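Results of the structural survey
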Amino acid sequence: MGASGEFDLVVVGGGPTGENLADRAKAGGLSVALVEHQLVGGECSYWACVPSKALLRPPAALREARRLPGAGESVRGAIDAEAVLRRRDSFVGDWKDDGQADWLASVGIELVRGHGRLDGERRVVVEGRDGERRVLTARHAVAVCTGTTAALPPLPGLGAAGVWTSREATSAHEVPGRLAVVGGGVVAVEMATAWAGLGSRVTVLVRGAGLLPRMEPFAGELVAEALADAGVDVRFGVSVGGVERAGELVLDLGDGGELRSDEVLFATGRRPATGDLGLESVGLEPGGWIEVDDTGLATGVPGGWLYAAGDVNHRALLTHQGKYQGRIFGAVIADRAAGRELDLAPWGRSVATADLAAVPQVVFADPEVAAVGLTLAEAEAAGRRVRAVDYDLGNVAGAGLHADGYRGRARAVVDLDREILLGVTFVGPGVAELLHSATVAVTAEVPLARLWHAVPAFPTISEVWLRLLETYRG
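Residues numbered from 1 in each chain as written. Predicted model: local features only at pLDDT ≥ 70, side-chain atom pairs only at ≥ 80, totals over all residues. Heavy atoms only, no water.

Let's talk about the overall build of the protein chain
Helix and strand counts for the protein chain stand at 16 helices and 21 strands. Sequence separation of at least 24 residues holds for 64% of the intrachain contacts in the protein chain that already meet a minimum separation of 6. With the model as given, the accessible surface of the protein chain reaches about 20,700 Å², and the carbon-plus-sulfur share is 51%. (Helix = DSSP H or I, 4+ residues; strand = E, 2+ residues; numbered from the N terminus. Contact = heavy atoms within 4.5 Å. Areas by Shrake-Rupley, 256 points an atom, 1.4 Å probe, with all protein chains shown as cover.)

Next comes the structure, spelled out in structure tokens:
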């Protein structure tokens, strides 16, 4: 870095997306500064993916043992919640980012701590924690990787009630006796599963008619049944009208009823973390999503210098998709800076095609939900001629050996014109590890005729692939 604070690339936001983008640009020959005002590693490392899975795994392991005769009889007593929370703390490094910062230094990326704001073309002003102001200029590009924050509804009393968002839900150090969860999406389902497994009496309040509304309908149905079996009170068609804390939390349910709880988690969506980013200085709307093309270039800003990757561009709000974009867009920035030709064909090295066609996701509930690509409804809405092929996972030998009374379901969405898979969904214990095979099949557009030659090992749950193909052929 020169004395003027010039870099080839300035990355604003040091979560997984920003780290991957900076790394690929650095590997492509650029000098890179990464600006972060909280912890390097971002939401996923400290308040989302990592801590939530650390909370979910011990209760899941206990449930799995209890489902197996011979093992279940040896499991005595309740879960040790304090031990689970200590293990969670270790996985987030006790909310310290020394290791992540050391990695940046080891690959030659300069970490600039402070709040970064755009200040016109290729300029970022960083206000440090000590109030010091530093101006960074980018020779080639600025990449915004600031992610999202929890979106809370404008309800009476909410601001003063001290409610949980996903951050508090994943970092809490005590198990609440009673926990209300408002929402029916992934965060709501996973946190209801986790805290019920740790001993909370959980009530889930869902405004709609089902859980996991963006996935195949049977996924939410099976998860709702399992939550109820675990003692979670799941209520549909409920709208919260207000919140008040008077020792305990009192939720106005809008129909004259109320719910009392020790804590309440609002899992009601995400909004882009762009409200205080200086977007107005480059002609964009503060607080809005940053629209980009398939190479990550912001479409609303002239000059071809501003990029946005990860949740902030609203293409696919998942950590692994943000990292994927970071890898591709970082290389694009380096290639454009060096005058190298881009590969812009679908699935080419310079475009994030998977954001549109093959997004994988796992919901770590009980049962797990793993899906990639289009649902049946999405494929039909896109005008595709498709067929849904369903199979009861409990009828697969490997699933029956995995757990007595195994309950699950698989669906493949088949493009009838091309005889390839557009989407696959699995629901059941242990199905997360099936997902990458489905992702490869969807991404590579493997013909069903060739999938017949991909022989699943017996007796594994992956034998469901054979059963789906047999069901399709009839």
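Observations concerning the environment of T299
Considering the arrangement of structural elements, one finds T299 in the loop between β15 (270–272) and β16 (306–308). By relative accessible area, which is 46% here, T299 ends up partly exposed. Spatially, the C-alpha atoms of T299 and A444 are 28 Å apart, while their sequence positions differ by 145 residues. Among all residues touching T299, those that are not within four sequence positions of it are E291, V292 and D293. (Buried < 20%, exposed > 50% of the residue type's maximum accessible area, 1.4 Å probe, protein only.)

Structural notes on the sheet that holds strand β12 (residues 248–252)
Pairing between the strands of a sheet is mediated by backbone hydrogen bonds and can be parallel or antiparallel. Taken in spatial order, the 3 strands make up an open sheet running β11-β12-β13, and their pairing is antiparallel. Across the chains shown, the open sheet's two edge strands, defined by having one partner strand only, are β11 (242–246) and β13 (258–261). Pairs of neighbouring strands in the sheet enclose a mean axial angle of 20 degrees, with direction left out of account. Note that β11 and β12 share 5 bridges and pair antiparallel. Across the sheet, residue E244 finds its bridge partner in β12, namely V250. (Pairing = 2+ DSSP bridges. Axes fitted to C-alpha atoms, helices over the stretch in contact; angles between N-to-C directions.)

Digging into the side chain of S350
Within the element layout of this structure, S350 appears in the loop between α10 (319–338) and α11 (354–357). A polar contact is formed between the side chain of S350 and the backbone nitrogen of D343, at a distance of 3.0 Å. For S350, the contacting residues outside a window of four places in its chain are D294, T295, I328, V332, L342, D343 and L344. (Polar contact = N/O pair within 3.5 Å; in protein donor to acceptor, adjacent residues only side chain to side chain.)

A look at the sheet that holds strand β21 (residues 420–428)
Across the sheet, 5 strands lie side by side as β17-β18-β21-β20-β19; this open sheet has antiparallel pairing. Strand pairing shows two members of the sheet lacking a second neighbour, β17 (360–363) and β19 (386–392), which therefore form its edges. Pairwise comparison of adjacent strand axes, ignoring direction, gives a mean angle of 10 degrees for this sheet. Of the pairings in the sheet, the one linking strand β18 (residues 368–373) to β21 comprises 6 bridges and is antiparallel in character.

Examining the packing of helix α3 (residues 49–66) against helix α8 (residues 186–197)
Relative to each other, α3 and α8 sit at 55 degrees, their axes nearing to 9 Å. One way to sum up the angle between α3 and α8 is to call them oblique. Seen from above, α3 lies across α8 with left-handed handedness. Two secondary-structure elements touch here, α3 through S52, K53, L55, L56, P59 and R63 and α8 through E190, M191, T193, A194, W195 and G197. Within the contact of α3 with α8, the residues separate by chemical class into 6 nonpolar, 3 polar and 3 charged. (Parallel < 35°, antiparallel > 145°, perpendicular 65-115°, else oblique. Left-handed = near helix turned anticlockwise from the far one by under 90°. Nonpolar A, V, L, I, M, F, W, Y, C, P; charged D, E, K, R; others polar.)

A short note on α10
Its 20 residues give α10 an end-to-end C-alpha distance of 29 Å, which sits within 8% of 28 Å, the value for a rise of 1.5 Å per residue. Among all positions of α10, only Q321, G322, Y324, Q325, G326, I328, F329, G330, V332, I333, A334 and D335 are buried. Contacts from the buried residues of α10 go to β1 (6–12), α1 (16–27), β6 (133–144), β16, α11 and β17. Of the residues flanking the end of α10, it is G339, one or two places downstream, whose phi is positive at about 75 degrees. (Expected span 1.5 Å × (residues − 1).)

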